[in-house]
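# Commentary on secondary and tertiary structure
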Amino acid sequence: MKKSVLFLGGLSLVSILMLAGCSKPSDVLVVGTNASFPPFEYVGGVSGDEINGFDIDLARQIAEDAGKTLKIENMKFDSLIVALNAGKIDVIASGMTITPDRQASVNFSDPYYEATQVVLMSKENNSIHNVDDLTGKHIGVQLGSTGDIMAKNYSEDVTAFNTGFEAIMELKNGKVDLVLFDSEPAASFLDKNPELKLIKLDFAPEFYGFAVAKEKVELIKSINNTLSTMKSNGQYEALVNQYMK
Ligand code: ARG
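The rules behind these values
Residues numbered from 1 in each chain as written. Predicted model: local features only at pLDDT ≥ 70, side-chain atom pairs only at ≥ 80, totals over all residues. Heavy atoms only, no water. 1 Å grid on protein atoms, 1.4 Å probe; cavity = no way out; pocket = protein on both sides within 12 Å on 5 of 7 lines; lining within 4 Å. Points joined across faces, edges and corners; volume = space filled by probe spheres on them. Helix = DSSP H or I, 4+ residues; strand = E, 2+ residues; numbered from the N terminus. Expected span 1.5 Å × (residues − 1). Buried < 20%, exposed > 50% of the residue type's maximum accessible area, 1.4 Å probe, protein only. Salt bridge = Lys/Arg side-chain N within 4 Å of Asp/Glu carboxyl O. Phe/Tyr/Trp six-rings, centres within 6.5 Å; stacked < 30°, edge-to-face > 60°. Lys NZ or Arg CZ within 6 Å of the ring centre and 35° of its normal.

## A look at empty space enclosed by the protein
- In the structure shown here, the tally under the stated rule is 1 cavity of 30 Å³ or more.
- One number sums up the size of the largest cavity: a volume of about 100 Å³.
- Looking at the largest cavity, it is lined by 13 residues, and the ones nearest its centre are Phe-37, Phe-77, Gly-95, Ser-145 and Asp-182.

Here it is in structure tokens:
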């Protein structure tokens, strides 16, 4: 009796594995990003269409530690959470700020980088000295970003673009008064746009995390292990020195 139960158990395990052929643990880790956010993720490299950056190097180590091959999917920032929850990607690595709203639909890793919003505007514009000066200004932001959400607290005149880069183009064309964007990417865009300046206002710190679907508990553990190992063995600091100013 016992034997046949075991046998049946064995059979059903085999059939489950066969049935699950398409959803068996894959050896590829699909990481979704929006590669318009230097130095965290950007398109460039020798071929000109490689996706590189701080987040991508972290993701490479995360994939390696999980025994998987890294595959990067570049998409619109505001599509990332939808893609994650539809199972199209396994991880979001996109300088994504951990917020309570997002935590309602995804699980975040431990925070891996502290940032804040900053203002980018023309060097000739002297109208912004504190957050109250943002009231009623025409603010450019990246669609779905924390900058987008914050800007709406100050002004009804907010235009959201698919990338921060497009928002900055509009700023240069005088179509928006200022752009609200994350500190490191803003500094990186400033390098190439000497007619702009960066202003730090009294904005709260934000913390970036990698996001995974709620049910992928093992994956989040593995990401946190990689992060803590990289912090203790100096790899994390080396990447900060390589990518940040
Ligand atoms: N930290 C901001 C947020 O989470 C902006 C992130 C934008 N990231 C990107 N790869 N474009 O909303």
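Moving on from the coordinates now.
## Considerations on helix H2 (residues 54–65)
- The first and last C-alpha atoms of H2 sit 17 Å apart over 12 residues, in line with the 16 Å expected at 1.5 Å per residue.
- When you tally the buried positions in H2, you get 9 out of 12 residues, the bulk of the element.
- Phi turns positive one or two residues past the end of H2, at Gly-67, with a value near 70°.

## Details of the pattern of salt bridges
- Scanning all chains against the criterion turns up 7 salt bridges.
- Close ionic contact of Asp-57 with Arg-60 constitutes a salt bridge, the shortest N to O distance being 2.7 Å. Placement of both Asp-57 and Arg-60 in helix H2 is noted, with a separation of 3 residues, approximately one turn of the helix.
- With a relative accessible area of 40%, Arg-60 lands in the partly exposed category.
- Residue Glu-195 pairs with Lys-172 through a salt bridge whose shortest N-O separation is 3.7 Å. Here Glu-195 is found in the loop between helix H7 (183–192) and strand S13 (196–199), whereas its partner Lys-172 is found in helix H6 (residues 164–172), with 23 residues between them in sequence.
- Judged by its relative accessible area of 39%, Glu-195 falls in the partly exposed class.

## Quick word on the packing of aromatic side chains
- Tallied over the full model, the rule gives 16 aromatic pairs.
- Between Phe-40 and Tyr-113, the aromatic rings sit 5.2 Å apart at their centres with planes inclined by 75°, giving edge-to-face as the arrangement. Placement of Phe-40 in the loop between strand S2 (36–37) and strand S3 (41–44) and of Tyr-113 in strand S8 (residues 113–115) is noted, with a sequence separation of 73 residues between them.
- Note on Phe-40: relative accessible area 0%, which makes it buried.
- Seen in terms of ring centroids, Phe-54 and Tyr-236 are 5.7 Å apart; in terms of plane orientation they differ by 75°. Their pairing is edge-to-face. Here Tyr-236 lies in helix H9 (residues 235–243) and Phe-54 lies in helix H2, a separation of 182 residues in the sequence.
- On the accessibility criterion, Phe-54 (0% relative accessible area) is buried.
- Since its relative accessible area comes to 13%, Tyr-236 is described here as buried.
- Sitting above the plane of the Tyr-236 ring, Lys-231 keeps its charged end 4.9 Å from the centroid.

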